Each structure stands twice: as structure tokens, then as C-alpha cells.
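# An overview of the molecular structure
Residue-level listing of the chains:
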Amino acid sequence: MQLQLSAEQSQLRDASRRLLADRLTALVTQLPEPPVHNSEKWVRDAQQLGWLGLGIPEQYGGAGGFEDLVLVHEELGRGLAPSLLTALGLSARVLLHCDTGPGRDELLEQVVAGTLLAAPVLDGDITLTQSAGGARLDGRAVGVVDATEVTDLLVAAEGDGTTALVRVPWRSAGVTLTQRDTGCDVPSYTLSLAGVTLPADAVVAKGVEDALAATRRDGVILAAARALGGGRAVLERTVEHVRTRHQFGVSIGTFQAVQHQLSDIATALDAAGLAVARAAWSVQTGLDAAQAAAVAALAATEAFASATLVAHQLHGGMGFVLDSPLHLWSARAVSDPTAPRARRDLLDALGDAVGIRGDGVRVAPQHRQPA
């Protein structure tokens with residue numbers, strides 16, 4: 001595993017960071033009003049910098065590897081970019097993981113080009129009924145992110161003893177989206193499908209169980225990368241604050257108690273960075289990455305949450321004031337609906353991967369995907 005960035009990766013990181021810094025400045029100017037992301041502008045940015053094709057083979061218009069996609073997601077977390085970019089990336093991943101089906105290649109090319117905006121719906125209780133005249137969907141899914149920021153949903157549905165991936169324009173008759181309160185700037189919806197009738201070619205692929213598992217794993221790693229970037233942004237802001245904040249005539253950054261807290265956070269983030277890098281490398285090299293994904297998510301989400309807690313303490317509570325941007329990172333650290341929230345699920349997935357049950361008994365390794 002190569003930990004040093006290549007020249008191309010350094011250029012990608014630097015270009016992404018510059019653009020995201022400009023976007024973050026514009027976002028902060030909206031405070032204390034809730035931040036509003038301009039989806040059209042973000043899609044144009046992603047097209048221009050090639051984000052949408054990262055990790056996708058060149059034959060579909062892509063470039064680079066999964067490690068490059070993870071690198072950019074760390075910058076997206078650092079810059080408080082909207083979750084739409086992750087939704088588009090995971091739509092490309094699920095299409096890539098699917099075996100070739102009717103129109104699958106064309107859809108993948110369109111997602112990579114940014115001409116088709118799609119969000120994945122990988123988990124839910126949705127049934128597919130097919131007939132000579134087309135397909136019908138019924139059911140419900142909770143926690144669909146960015147559903148109204150796209151034109152189509154790529155829905156996993158059960159029917160005839162197998163799982164299919166179905167393309168559903170969210171404005172179709174019978175589709176209902178109810179917004180949920182997430183506690184942060186990431187929009188999430190409950191999706192209800194009641195007798196949604198679609199043409200036969202809306203079924204993109206069948207037998208996609210393995211593709212869904214691989215995409216969930218990829219999503220866990222991308223969420224870990226965003227948490228890592230968010231944690232590093234919070235640490236950088238806090239270090240700058242303690243350098244310029246004075247008590248008793250000296251910078252509070254000279255206090256040993258402050259230094260110890262920041263050192264602990266820096267160490268935790270560095271460890272999380274190694275875990276995320278290993279998970280990305282495992283996917284790119286075709287290794288079983290279930291264990292690495294769970295470790296990366298555990299390390300990054302905990303380090304991110306700890307970083308925001310320490311930051312608020314060292315800012316003297318200032319970060320809870322709505323005209324300070326610190327609260328935007330802390331809100332994502334505790335309530336981002338795209339992140340794997342259940343620590344128990346991550347630990348279970350890790351235990352399955354190494355073949356250890358919760359009671360310590362060794363069993364045959366399994367491949368449960370983190371929730």
C-alpha cells in the first residue's frame with residue numbers, strides 16, 4: 001500500500017481543496033441562516049474537475065481509481081460539500097458493480113458525464129412485479145438522501161426470488177417523498193412507492209445482491225473519508241483559534257492541557273487516515289475490504305465526533321453560536337444520515353469479517369456489510 005500521494009493525486013487534492021475553500025467561504029456568508037447548497041453549481045464543479053468519473057473505467061468516461069475517489073471525499077468532508085456528490089458517486093458505483101444489463105452501460109456513462117443525476121436506494125422494503133407490459137413497484141424506504149436533488153432513483157427491489165436494480169424517475173405517479181429532520185444540512189427523505197408503473201427497460205439489472213453489498217461497502221468507506229476530512233478541518237480551525245485566543249496575557253495554545261487534547265485528536269485522525277487509506281487500497285486492488293471498511297468507519301467517525309467535542313470546549317462554547325461555522329461540522333459528526341451511525345453494526349460487521357462472535361466465540365468468517 002502506497003501512503004505517499006502521486007503527483008496526479010496531489011494535483012487532484014490541491015485543485016479540489018482550492019475550489020472547496022471558495023465554496024466554503026460562500027457557505028459561511030449565509031450564516032446564521034441555514035446553509036443552502038446550489039446543486040447545479042456543484043454538479044458543474046464536479047464535471048469540470050472530473051469527480052464524477054473517479055474510480056470508473058475509462059471505457060465509461062471515467063478516470064483514476066477508487067483511492068482517488070476516496071481522496072476527493074476527504075476534501076468534500078473538509079469543505080462541507082453537499083451529500084449530492086456522494087449520491088452521484090455511489091450511483092456510478094452500483095451500476096459499475098452490476099453485471100451488464102439492458103442499458104446499464106449507457107446509464108453509467110450518463111452518470112459519469114453528469115447528464116443523468118441519480119441517487120441510490122439500496123435498502124428498503126420494496127417489491128418488484130414484472131409483466132409483459134412493464135414493471136410495478138410497491139414499498140417503502142427510509143433515509144433516501146438527496147432524493148429531490150436528482151432526476152432518478154436507482155432502487156433495489158425484490159421480485160421473483162431475486163433482487164433487481166430499477167431506475168425510477170422520482171416524479172413518477174405513485175412516488176411520494178416525505179422529508180425527514182436530520183439535524184444537519186444533509187436532506188433525507190422517506191420514499192413511498194404505491195403502484196408505480198414503469199416500462200420494462202426500467203429494470204437495469206437482476207441478481208444484484210453482490211453489487212449492492214459492494215456498493216454499501218464503498219459507501220461506508222466514502223463516509224469514513226468525509227468524516228476524516230471534517231475532523232481535520234475542525235482540528236485546523238481549533239489550532240488556529242488557540243494560537244490567537246489569549247488568557248492571562250498568553251495564547252491558550254501554550255497551556256499543556258490544551259496541547260494534550262489537540263495532540264490526542266491529531267493522533268486519532270492520523271490513525272483514522274491510515275485506516276481509510278487501507279480500506280480504499282483494499283477495494284482498488286480487489287481484496288476483501290469488509291473488515292477494512294468497518295475499521296475505517298469506526299476510527300473516522302469516532303475521531304470526527306471527538307474533534308468537534310474538543311473544538312467546542314476550546315472555543316469556549318463559541319461554536320454553538322449560529323454565526324460560527326463550527327456547528328456545521330459538529331452537526332454532521334452526530335447526525336449525517338449518509339454515515340454509518342450504528343457502532344454496534346460496525347462492530348458486528350468487523351466481528352463477522354474476522355470470525356469472532358460478540359461472545360468471543362470464533363466462527364467461520366462472514367461478510368456482513370456495515371449499516
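Residues numbered from 1 in each chain as written. Predicted model: local features only at pLDDT ≥ 70, side-chain atom pairs only at ≥ 80, totals over all residues. Heavy atoms only, no water.

## Examining the overall build of the protein chain
Scanning the protein chain from terminus to terminus reveals 10 helices and 10 strands. For the protein chain, whose C-alpha radius of gyration is 21 Å, the value lies close to the compact-globule estimate of 21 Å for 371 residues. C-alpha extents for the protein chain along the principal axes are approximately 80 × 50 × 40 Å. Burial analysis of the protein chain (371 residues in total) assigns 52% to the buried set. Carbon and sulfur atoms make up 51% of the accessible area of the protein chain, which amounts to about 16600 Å² in all. Each charge class in the protein chain can be summarised by its mean position, and for the 30 positive and 41 negative side chains these summaries are 4 Å apart. (Helix = DSSP H or I, 4+ residues; strand = E, 2+ residues; numbered from the N terminus. Rg over C-alpha atoms; globule rule 2.2 N^0.38 Å. Buried < 20%, exposed > 50% of the residue type's maximum accessible area, 1.4 Å probe, protein only. Areas by Shrake-Rupley, 256 points an atom, 1.4 Å probe, with all protein chains shown as cover. Lys, Arg positive; Asp, Glu negative; His and termini not counted. Charge placed at Lys NZ, Arg CZ, Asp CG, Glu CD.)

## Digging into the pairing of strand 5 (residues 162-169)
Note that strand 4 (residues 152-159) and strand 5 share eight bridges and pair antiparallel. Counted as the bridge partner of Ala 156 is Leu 165 from strand 5. Counted between consecutive antiparallel strands, the loop separating strand 4 from strand 5 contains two residues, among which Asp 160 sits at a positive phi close to 55°. (Pairing = 2+ DSSP bridges.)

## Description of the pairing of strand 3 (residues 134-145)
Here strand 2 (residues 125-131) pairs with strand 3 via seven bridges, running antiparallel. Bridging across to strand 3, Gln 130 finds its partner in Ala 135. Between strand 2 and strand 3, which pair antiparallel in sequence order, lie two residues. Across nine bridges, strand 3 lies against strand 7 (residues 188-198) in antiparallel orientation. Residue pairing in the sheet places Val 145 in a bridge with Ser 188 of strand 7.

## Structural notes on the environment of Leu 287
Among the secondary structure elements, Leu 287 is positioned in the loop between helix 7 (256-284) and helix 8 (290-314). In this structure, Leu 287 is in contact with Trp 281 and Ser 282, ignoring residues within four places of it in sequence. (Contact = heavy atoms within 4.5 Å.)

## A closer look at the nonpolar core
Grouped together as the largest cluster of nonpolar side chains are 94 residues, with contacts concentrated most on Trp 51, Leu 137, Leu 153 and Val 166. With 13 residues, helix 8 is the largest single contributor of residues to this core. Once residues lying within four places of it in the same chain are set aside, the contact partners of Trp 51 are Leu 12, Ser 16, Leu 19, Leu 20, Trp 42, Ala 46, Leu 69, Val 72, Leu 76 and Leu 85. Core analysis: the second largest hydrophobic core is formed by 21 residues, Ile 56, Cys 98, Leu 107 and Val 112 among them. (Core = buried A, V, L, I, M, F, W, Y, C linked by side-chain atoms within 4.5 Å.)

## Re unusual backbone geometry
Trans is the prevailing form of peptide bonds, just as negative phi is the prevailing case for residues other than glycine. With an omega dihedral of 10°, the bond running from Leu 31 to Pro 32 counts as a cis peptide bond. Inspection of the secondary structure assignment puts Pro 32 in the loop between helix 1 (7-28) and helix 2 (39-49). Phi at Leu 80 is positive, roughly 55°, even though this residue is not glycine. Along the chain, Leu 80 falls in the loop between helix 3 (66-78) and helix 4 (84-97). Accessibility expressed as a relative area gives 2% for Leu 80, which makes it buried. The residue Phe 248 is not glycine, and still its phi comes out positive at about 55°. Positionally, Phe 248 belongs in the loop between strand 9 (246-247) and strand 10 (250-251).

## Here we look at a negative patch on the surface
A contiguous patch of negative charge on the surface is contributed by Asp 99, Asp 125, Glu 158, Glu 209 and Asp 210. Here Glu 158 is to be found in strand 4. (Patch = residues over 30% accessible without salt bridge, like charges linked within 9 Å, V, L, I, M, F, W, Y side chains within 5 Å. Salt bridge = Lys/Arg side-chain N within 4 Å of Asp/Glu carboxyl O.)

## Description of the side chain of Thr 215
Relative to the helices and strands, Thr 215 is located in helix 6 (residues 209-244). Not counting residues within four places of it along the chain, the set of residues in contact with Thr 215 comprises Leu 90, Arg 93, Val 94, His 97 and Leu 122.

## Concerning helix 7
End to end, helix 7 covers 42 Å across 29 residues, agreeing with the expected 42 Å (1.5 Å per residue, within 8%). Lining the buried residues of helix 7 we find helix 3, helix 4, helix 6 and helix 8. (Expected span 1.5 Å × (residues − 1).)

## A look at the environment of Leu 88
Along the chain, Leu 88 falls in helix 4. Sequence-wise, Leu 88 and Val 175 are 87 residues apart; in three dimensions their C-alpha atoms are separated by 20 Å. Among all residues touching Leu 88, those that are not within four sequence positions of it are Val 43, Leu 52, Val 111, Leu 117, Ala 118 and Val 150.

## Details of the pattern of salt bridges
One pass over the full model with this rule turns up 16 salt bridges. Note that Asp 336 and Arg 226 form a salt bridge whose closest N and O atoms lie 3.4 Å from each other. A residue pair is termed long-range when its members are at least 10 positions apart, and Asp 336 in the loop between helix 9 (326-335) and helix 10 (343-354) and Arg 226 in helix 6 qualify at 110 residues. Taken together, the shared-partner salt bridges in this structure form one network comprising Arg 17, Glu 75, Arg 78 and Glu 236.

## Quick word on the packing of helix 3 against helix 4
Look at helix 3 against helix 4: their axes get within 11 Å of each other, and the N-to-C directions meet at 165°. Classed by the angle they form, the pair helix 3 and helix 4 counts as roughly antiparallel. As for how helix 3 packs across helix 4, the hand of that crossing is left-handed. On the side of helix 3, the interface is formed by Phe 66, Leu 69, His 73 and Leu 76, while helix 4 contributes Leu 85, Thr 86 and Arg 93. (Axes fitted to C-alpha atoms, helices over the stretch in contact; angles between N-to-C directions. Parallel < 35°, antiparallel > 145°, perpendicular 65-115°, else oblique. Left-handed = near helix turned anticlockwise from the far one by under 90°.)

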